[in-house]
Amino acid sequence: MMDEARYHPLVAAAFKRILAAADAFDPDVLEAEATGDKVTLTAASGEKCIINTQRAIWQIWVAGQGQGIHFSYDDASRTWKDDKGKGLELFAFVAGVVKHLTGEALTWPS
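Computed from a predicted model, the values in this text were never measured in an experiment.

Below, the discussion takes up the sheet that holds strand β6 (residues 79–82). In space, the 6 strands of this open sheet follow the order β1-β2-β3-β4-β5-β6, with antiparallel pairing throughout. Of all strands in the sheet, those bounded by a partner on one side alone are β1 (30–35) and β6. Ignoring which end each strand starts from, the neighbouring axes of this sheet average 25° apart. Along the sheet, helix α1 (residues 4–23) makes contact with β1, β2 (38–43), β3 (48–54), β4 (59–64), β5 (67–74) and β6, crossing β3 at roughly 165°. Helix α2 (residues 90–102) contacts β1, β2, β3, β4, β5 and β6 of the sheet and is inclined by roughly 20° relative to β4.

Right under this line is the structure:
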């Protein structure tokens, strides 16, 4: 069962992982900014991928490539999965958006 005590560390870990991966990019290609409950990834073109919390429903929301996807934490797989059952996973989705924005692959730190 998700509650505030579980949600916050899970979100913090997800944001930390996203920021660490984005930091590997040349800032002229992709810039990452974290402010409160939001991470914004901005490509040189000005296009953005926005990742933010949805505290009221214990989710992470990602906007990019003209889509807005809600991700809920799945205890069985220990990852964030889309809430519509499309089989999308948070980190794979963000990587796809970054690839679309920059033409470069996002590499996840271990």
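Next, the rest of the story.
Our next topic: the packing of aromatic side chains. One pass over the structure, following the stated rule, counts 5 aromatic pairs. Seen from their ring centres, Tyr 7 and Trp 58 are 5.3 Å apart, and the 65° between their planes marks the pair as edge-to-face. With Tyr 7 in helix α1 and Trp 58 in the loop between β3 and β4, the pair connects residues that are 51 residues apart, well separated along the chain. Where Tyr 7 meets Trp 80, the ring centres are 6.4 Å apart and the plane angle is 80°; that geometry is what we call edge-to-face. Remark: Trp 80 occurs in strand β6 and Tyr 7 occurs in helix α1; sequence separation between them is 73 residues. Residues Tyr 7 and Trp 80 agree in their burial class; the two are buried.

Take Thr 53: it is sitting in strand β3. Once you skip the residues sitting within four places of it in the chain, Thr 53 turns out to touch Tyr 7, Val 11, Phe 15, Asp 37 and Gln 59.

Taken together, the side chains of Asp 26, Asp 28, Glu 31, Glu 33 and Glu 104 make up a negatively charged region of the molecular surface. Within the secondary structure, Glu 104 sits in the segment after α2. Overall, Glu 104 belongs to the partly exposed group, its relative accessible area being 38%.

Rules used in this analysis
Residues numbered from 1 in each chain as written. Predicted model: local features only at pLDDT ≥ 70, side-chain atom pairs only at ≥ 80, totals over all residues. Heavy atoms only, no water. Pairing = 2+ DSSP bridges. Helix = DSSP H or I, 4+ residues; strand = E, 2+ residues; numbered from the N terminus. Axes fitted to C-alpha atoms, helices over the stretch in contact; angles between N-to-C directions. Contact = heavy atoms within 4.5 Å. Phe/Tyr/Trp six-rings, centres within 6.5 Å; stacked < 30°, edge-to-face > 60°. Buried < 20%, exposed > 50% of the residue type's maximum accessible area, 1.4 Å probe, protein only. Patch = residues over 30% accessible without salt bridge, like charges linked within 9 Å, V, L, I, M, F, W, Y side chains within 5 Å. Areas by Shrake-Rupley, 256 points an atom, 1.4 Å probe, with all protein chains shown as cover. Salt bridge = Lys/Arg side-chain N within 4 Å of Asp/Glu carboxyl O. Lys, Arg positive; Asp, Glu negative; His and termini not counted. Charge placed at Lys NZ, Arg CZ, Asp CG, Glu CD.

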